[in-house]
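Letter by letter, the chains look like this.
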Amino acid sequence: MIDWAAGPGEIDVAQAEPPLVLALDVGSSSTRAALFDGRGRRLGGTLHQVPYRLKTTPDGGATLDPDRLVDAVAETIDGALAAAQDAAVQAVGVSTFWHSLMGVDRDGHARTPVYTWADTRAATAAAHLRETFDAEGHHRRTGTVVHSSYPLAKLVWLQRVMPDVTAGVHRWLSFGEYLFLTLFGDATCSISMASGTGLFDQTRLTWDPTALDAAGIAPDDLSPIGDEPMVGLRPAFAARWPALAHAAWFPALGDGACSNLGSGAIGRGRLAVTIGTTGALRLLWAGDPVPPPPGLWLYRLDARHVLLGGALSEGGNLYDWVCTRFRLPDPPELDAALAAMPPDSHGLTWLPLLAGERSPGWAPHARGALAGMTLDTSPVAILRAAMEAVAYRVALVARLLDTAAPEERTIIASGSALLRNPIWLQILSDVLGRPLLAGAAPEASLAGAALMALARLPREAGGQPDLLDRIAAGPIPAAARYDPDPRRHQTYQAAIARQEALYRRLIADAG
């Protein structure tokens, strides 16, 4: 049984208790793999990571090469299994980034790149849909906003600007499905991944006919929806990974839902805040879906668990952008300079929408802006202001969640960009005016994928069907606690109002 109070932990391979689970986490900037034992503990030395970059273009393109991405996943599997001395694995759990879209031909070969949520080229198509489409009804049924980040708008855009390409597409799918198609020759779309497409009815758990009609596709143009595992890799992969010969591969799940699970943020009283490449706030609970309020979305972990929240297009990507562009020093020199700056003392107002806006405003043509610079403005001040600006955007989403579902909540932090940065953790606590628990799982999405695999395995194979309920009822594993300073909180409220005023001016000009 998992000792969740002690946190996920990490153990030597020799200490592992069956069943062994391989977990994969395919993100927009890297993919990771590691082995976990039957108590949810990561096996030491098995974590393997392969980084990559989005291919971006001046017109808003943000894509990945699907076959290179498959190679990256395979490389991480090689590394994880080798470190575990090829011990037999009983299940594979997969977490992938939501909202990806790509097309394949009848032979399963890629006809397009992987279009990611960050690709904004469908903004005009989304705007047209909002004018000709029942956007409110769509939001209520599918849990998604009519926006360029979702496959619905991308399908409309692609058919308008690339008809020759789309004519050769036999099936539209997410990258997680393409991974399974490559490994097994077939694929299903999990309820979790379907829930983030804008093409899925959250109540009926089927593809939404109205959305499909708007996208110009039929159900047969998409994968069948299902959460059943696949067994039996294609011969080349079976020969490459003998340890996975009999493993049950569960269809890929949305990384945000896995992150909540991996950090112990299950239940209406636990709010997850994540800052990795991007940012998000999410509530995960067992129960029926609710109509998402304006500004928020509703997705799923599975047929039983729903996820209400908001996602930001900014997070660690903005931090890295500032550090790279302004050639900032490495820690600890940089950290000391950041910590020495009082809250909002730089006089800067960041609108950190370099990759466009999702929550809370979903403005289709929103872009980044920085105001208030003087001849005395330093690069470190720009970075501190960027960190604060992301925290302000988190606070705006938190306000929507508090209004939609008022309740006292424990806030659990996750995401590598946040957990490795105590300064940012304190800023976030001060901005929110609430205590913040730093999650004990440094790779929450990876851990969540492993835990879901353990929960879905048959009991006779070591599965734990009640695992998610036990995590929801148990204590929260935390590495540290950050308490807010009331005076800093008040300072930040004025700064949030300044950011909102800049946003209104710029959005009005863009419109």
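Preceding this paragraph is the structure being described.
What counts as what
In this numbering scheme, every chain counts its residues from 1 along its sequence in written order. Totals for whole chains, interfaces and linings use every residue, but because this is a predicted model, local features are given only for residues with pLDDT of at least 70 and side-chain atom pairs only at 80 or more, for both listing and counting. Working from all heavy atoms in the structure, the side-chain values ignore hydrogens and water. Each Phe, Tyr or Trp ring, with Trp reduced to its six-membered ring, pairs with another whose centre is within 6.5 Å; inter-plane angles below 30 degrees give stacked pairs, above 60 give edge-to-face pairs, and intermediate values give tilted ones. Note on exposure labels: buried denotes an accessible area under 20% of the residue type's maximum, exposed denotes more than 50%, and partly exposed covers the range between, all computed with a 1.4 Å probe on protein chains only. Note on geometry: a ring has a charge over it if NZ (lysine) or CZ (arginine) is within 6 Å of the ring centre and within 35 degrees of the ring normal. One side-chain nitrogen of Lys or Arg within 4 Å of one carboxyl oxygen of Asp or Glu is enough to make a salt bridge. Helix and strand definitions follow DSSP, with helices as H or I runs of at least four residues and strands as E runs of at least two, each counted in order from the N terminus.

Attention shifts here to the packing of aromatic side chains. To describe a pair of aromatic rings, one takes the distance between the centres and the angle between the planes. Considering all chains together, one arrives at 13 aromatic pairs under this definition. Relative to Y299, the ring of W297 lies with its centre 4.1 Å away and its plane at 5 degrees, an arrangement referred to as stacked. The two residues W297 and Y299 agree in class, both being buried. Each residue in the set W98, W297 and Y299 is aromatic and connected to the rest through ring pairs, giving one cluster. When the ring centre of W285 is taken as reference, the NZ or CZ atom of R268 above it lies at 4.1 Å. When the ring centre of W117 is taken as origin, the NZ or CZ atom of R358, which lies over that ring, is 4.0 Å away.

Opposite charge on two side chains permits pairing when their charged atoms draw close. Taken as a whole, this structure holds 24 salt bridges when the rule is applied. For E10, the salt bridge is made with R42, and the minimal N-O distance between the two is 2.9 Å. Separated by 32 residues along the polypeptide, E10 in strand 1 (residues 10-11) and R42 in strand 4 (residues 42-43) bring together distant segments of the chain. Since its relative accessible area comes to 47%, E10 is described here as partly exposed. Across the pair R498 and D344 runs a salt bridge whose closest N-O atoms are separated by 2.8 Å. Placement of the pair is R498 in helix 18 (residues 486-510) and D344 in the loop between helix 12 (333-339) and strand 20 (349-351), with a sequence separation of 154 residues. The exposure class of R498 is partly exposed, given its relative accessible area of 31%. D344 sits in the buried class, given a relative accessible area of 17%. Because the salt bridges share partners, they merge into one network encompassing E17, D37, R39 and R41.

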